[in-house]
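Chain by chain, the residues run as shown.
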Amino acid sequence: MNNTARVAIDVERVIGDISPLLFGGFAEHMGRCIYGGIYEPGSPLADEHGFRRDVMAALHELNFTTIRYPGGNFVSGYHWLDGVGPKEQRPRLREMAWQSIETNQFGTDEFMQFCQALGTEPMLGMNFGTRGVEDACNLFEYCNAPLGTRWADLRAANGHPEPYNVKYWCLGNEMDGPWQIGHMDAIDYAKKAREAAKLLKWNDPQVQLVACGSSNPQLATYPEWDRTVLETTWEYVDYISMHYYAGNHADDLGSFLATTAVFENYVDTMAGLLRFVKGKLRSSHDVYLSWDEWNVFYHDQTLRGGWAEAPRLVEDVYNLADALVVATWLNTFVRRCDVLKIACVAQIVNVIAPILTSSDGMVKQSIFYPFQLFRRYAAGKSLDLAVTSPTYTAKTHGETPLLDAAASYDAASGQQALFLVNRSATDALPVELAWRGSAPQRITAVYQLGGADPKTANTFAQPDAITPQQLPGMAINDGQAGLQLPPLSFTVVLTGG
Ligand code: AHR
């Protein structure tokens, strides 16, 4: 069998525009994400606002286009009013979702300041567990209304006269999950979401609303939950959420690297539902997908905080294999950008995150780098590549291509970017690149992440074990170029000229 993969590239074969919001993050009041991660007043590493300077610098490098906040499961028991106003008057509370102590020292205003410092678009979650429509409208008024009414005036009294103009809002979190505070069945949730959405759109027709889809495609209620929610809320919402966490629980590398099939199937089903509901309702409105929780999550299963403040919860230490799965996930976002418009990696610091902190430093985990490379280079249009690849048999997903590929083309800069993962644990993969129509003249830069051992991870002792290397460019002759992708590697190829 031919062991060479082939990729044909044609800038006129376009899948769609790559939404910058696909490169978002998620910050929850959970474990050490906020306290001890983003926010640590009193630390010698903190700035005048209490934000960790080292963490902010790393977050700047990731350059998230949006950050979803404050949860997650946390939001379903959260009273936003507890988190605003003078800090010494904010209550210490028993937080039920993670069984931790919540000090409320960081709240909506601190989050807005954090987003402003990062230049990122806030995406706020609303409590649909213990609260509902009225509370959602009050929070909206606090954030977005001009002065002259109760909650807007409270914002001003708290030092923020200008409205924040938050555009993206999540109507609850994972309400289909029995683990959720205030879990509901589909129709009860859908009606509540529709009524809240109706009032929010009356407040501001430009606001963008995300309804809760299924928490994962393994739940028995999937995809019926999604159908019910879409049929009930369609005209009032703009996105439906998807959540998924991948893991290598069976320590089976081949199957883990093939999880891309799950990502693709999940998007396929949701895209089918969007078409079905739009057709059934004879609607001219469109709803898109917001994959607002996604990541590898299996190394650390500590989910209960023992009623401690900022306990260590799910602080997964990521290895090379995890970074490769993240790269194929981001490839999926680029390939399915026709329907996927928002995505938020869960989470951004300490809790299943690309950044791990200690009291005196931080580490960039392996998964930091694929995210950073995609954020930098996946811009403009997504290209419909023609890919042929040798395959292997994965225990859980059957025949799987060794090569996973996606590409973008930014007409403004003329730059093309190819994103290539070699799933082989043993062999380098020769790849022939062939341009159809007009071809660039050069490969201007190549960035490559790899290593011999899929379990190598960055740690405080060895922070740079997994980092991308820059390789020299090369000429493209007669629209053709050849590459050797090392085993277990992720490569970004940039072109120009
Ligand atoms: O990101 C961790 C948790 O996973 C979130 O709070 C929840 O929405 C999901 O189940």
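Since this is a predicted model, take the numbers as computed values, not measurements. Each residue is numbered by its place in its chain's sequence as written, counting from 1. The predicted nature of this model means local features are confined to residues of pLDDT at least 70 and side-chain atom pairs, given and counted, to a pLDDT of 80 or more, with totals for whole chains, interfaces and linings taken over all residues. Side-chain metrics in this entry use all non-hydrogen atoms of the structure; hydrogen atoms and water are not considered.

The next subject is the overall build of the chain. Segments assigned H or I by DSSP are reported as helices when at least four residues long, segments assigned E as strands when at least two residues long, and all are numbered from the N terminus. Looking only at helices and strands, the chain features 10 helices and 26 strands. Only the C-alpha atoms count toward the radius of gyration. The rule for a globule is 2.2 Å times the residue count to the power 0.38. A globule of 497 residues ought to have a C-alpha radius of gyration of about 23 Å, and the chain, at 23 Å, matches this closely. Projected onto the principal axes, the alpha-carbon positions of the chain cover approximately 70 × 60 × 45 Å. Only protein chains enter the accessibility calculation, which uses a 1.4 Å probe. A residue is then buried if its area is under 20% of the maximum for its type, exposed if over 50%, and partly exposed in between. Relative to its 497 residues, the chain shows a buried fraction of 61%. It only takes one pair of heavy atoms within 4.5 Å for two residues to be counted as in contact. For the chain, restricting intrachain contacts to residue pairs at least 6 apart in sequence, the fraction spanning at least 24 positions comes to 76%. Every accessible area reported is derived by Shrake-Rupley at a probe size of 1.4 Å, with residue values counting cover from the shown protein chains alone. Carbon and sulfur atoms make up 50% of the accessible area of the chain, which totals about 18900 Å². His is not counted, nor are the chain ends, whereas Lys and Arg count as positive and Asp and Glu as negative. A charge is said to be at NZ when it belongs to Lys, at CZ for Arg, at CG for Asp and at CD for Glu. Here the chain contributes 38 positive and 55 negative side-chain charges, whose respective centroids are spaced 3 Å apart.

Quick look at the site of the ligand now. Taken together, Phe26, Glu28, Met30, Gly72, Asn73, Trp98, Asn173, Glu174, Tyr245, Glu293, Gln347 and Ile352 make up the full set of residues near the ligand. Measuring from an oxygen atom of the ligand, one finds a backbone N or O atom of asparagine 73 at 2.9 Å. Measuring from an oxygen atom of the ligand, one finds a side-chain N or O atom of glutamate 293 at 2.7 Å. Against a free-state accessible area of 280 Å², the protein chains account for coverage of 92% of the ligand. Each cavity reported here is a set of points on a 1 Å grid over the protein atoms alone in which a 1.4 Å probe fits but cannot get out, each pocket an open set with protein on both sides within 12 Å along at least five of seven lines, and each lining residue one with an atom within 4 Å of a point. By definition, a pocket or cavity contains a molecule when more than half of the molecule's atoms lie within 2 Å of the pocket's grid points. Using a 2 Å cut-off from the grid points, one finds that the ligand occupies the largest pocket. Basically, the charged four are Asp, Glu, Lys and Arg, the nonpolar ten are Ala, Val, Leu, Ile, Met, Phe, Trp, Tyr, Cys and Pro, and anything else, Gly included, counts as polar. When its residues are assigned to classes, the shell around the ligand shows five nonpolar, four polar and three charged. What makes a residue near a molecule or strand is one non-hydrogen atom of that residue sitting within 4 Å of it. Between N or O atoms, a polar contact is any pair within 3.5 Å; within protein, one atom must be a potential hydrogen donor and the other a potential acceptor, and residues adjacent in sequence are included only when both atoms are from side chains.

Moving on: the nonpolar core. By nonpolar core is meant a set of buried Ala, Val, Leu, Ile, Met, Phe, Trp, Tyr and Cys residues that side-chain atoms within 4.5 Å join together. Judged by nonpolar contacts, the single largest core of 156 residues is most densely connected at Phe114, Leu171, Tyr189 and Trp291. Top contributing element to this core by residue count: helix H9 (residues 320-335), with 11 residues. If near-sequence neighbours (up to four positions away) are discounted, tyrosine 189 is found in contact with Phe128, Leu171, Met175, Met184, Ala211, Cys212, Trp225 and Val229. Core analysis: the second largest hydrophobic core is formed by 10 residues, Met123, Cys170, Tyr239 and Ala346 among them.

In this section: the packing of H9 against helix H10 (residues 368-377). Where H9 contacts H10, the axes come no closer than 8 Å and their chain directions differ by 25 degrees. Between H9 and H10, the angle falls in the class roughly parallel. Of the two elements, H9 crosses H10, and the hand of that crossing is right-handed. Residues Ala323, Val326, Ala327, Leu330, Asn331 and Val334 of H9 lie in contact with H10, whose contacting residues are Pro370, Phe371 and Phe374. Partitioning the contact of H9 with H10 into residue classes produces eight nonpolar, one polar and no charged. Helix axes use the C-alpha atoms of the stretch in contact, all axes being lines fitted to C-alpha atoms, and the angles between their N-to-C directions lie in the range 0 to 180 degrees. Angles are sorted into four bins: roughly parallel if under 35 degrees, roughly antiparallel if over 145, roughly perpendicular if 65 to 115, and oblique for all others. Two helices cross in a left-handed way if the nearer one is turned anticlockwise from the farther one by less than a right angle. They cross in a right-handed way if the turn is clockwise.

Take the sheet that holds strand S25 (residues 480-485) next. A pair of strands is treated as paired once DSSP finds two or more bridges between them. One open sheet holds the four strands; their spatial order is S16-S1-S21-S25, and the pairing between them is mixed. Strands with a single pairing partner mark the edges of an open sheet, and in this sheet they are strand S16 (386-388) and S25. If you compare each strand with its neighbour and ignore which way they point, the axes differ by 15 degrees on average. Summarising the sheet, strand S1 (residues 5-9) and S16 pair through three bridges and their orientation is antiparallel.

A few words now on the sheet that holds strand S10 (residues 239-246). Pairing is parallel around the closed barrel formed by eight strands, whose spatial order is S3-S4-S7-S8-S9-S10-S11-S12. Averaged over all adjacent pairs, the angle separating strand axes in this sheet is 30 degrees, with direction ignored. Helix-sheet contacts for helix H2 (residues 108-118) involve strand S4 (66-69) and strand S7 (121-125), and the interaxial angle to S7 is about 155 degrees.

As a further point, take the packing of aromatic side chains. Centre distance within 6.5 Å is the pairing criterion for rings of Phe, Tyr and Trp, where only the six-membered ring of Trp is used; planes under 30 degrees apart are then read as stacked, over 60 as edge-to-face, and the remainder as tilted. Overall, the coordinates contain 33 aromatic pairs when judged by the stated rule. When the centroid spacing of 5.9 Å and the interplanar angle of 70 degrees are considered together, the rings of tyrosine 69 and phenylalanine 106 count as edge-to-face. In this pair, tyrosine 69 sits in strand S4 while phenylalanine 106 sits in the loop between strand S6 (100-102) and H2, placing the two residues 37 residues apart along the sequence. Given a relative accessible area of 0%, phenylalanine 106 falls into the buried group. Pairing tyrosine 377 with tyrosine 447 gives two aromatic rings, centres 5.7 Å apart and planes at 20 degrees, and the pair type is stacked. You can see tyrosine 377 sitting in helix H10 and its partner tyrosine 447 sitting in strand S22 (residues 442-449), a full 70 residues away along the chain. When sorted by exposure, tyrosine 377 lands in the same class as tyrosine 447, which is buried. Here the aromatic residues Tyr222, Tyr244, Phe263, Tyr266, Trp291, Trp294, Trp329 and Phe333 are joined through ring pairs into a cluster of three or more. Only when the NZ atom of a Lys or the CZ atom of an Arg is both within 6 Å of the ring centre and within 35 degrees of the ring normal do we say a charge sits over the ring. The ring centre of tryptophan 307 lies 3.9 Å from the NZ or CZ of arginine 94, which sits over that ring. If you follow lysine 341 out to its NZ or CZ, it ends over the ring of tyrosine 288, 5.3 Å from the centre.

Attention now moves to the layout of surface pockets. Grid points are joined across faces, edges and corners, and a volume is the space filled by probe spheres set on the points. The computed volume of the largest pocket comes to approximately 860 Å³. Looking at the largest pocket, it is lined by 39 residues, and the ones nearest its centre are Asn216, Tyr245, His249, Phe297 and Gln301. Put simply, the parts of the chain that give the lining of the largest pocket at least two residues each are S10 and helix H7 (253-257). The leading source of residues in the lining of the largest pocket is S10, at four residues. The class makeup of the residues in the lining of the largest pocket is 16 nonpolar, 17 polar and six charged. Arg335, Pro401, Leu403, Asp404 and Ala405 are the residues nearest the centre of the second largest pocket, which is lined by 20 residues in total. Those elements that place two or more of their residues in the lining of the second largest pocket are helix H8 (260-280), S16, strand S18 (398-401) and strand S19 (403-410).

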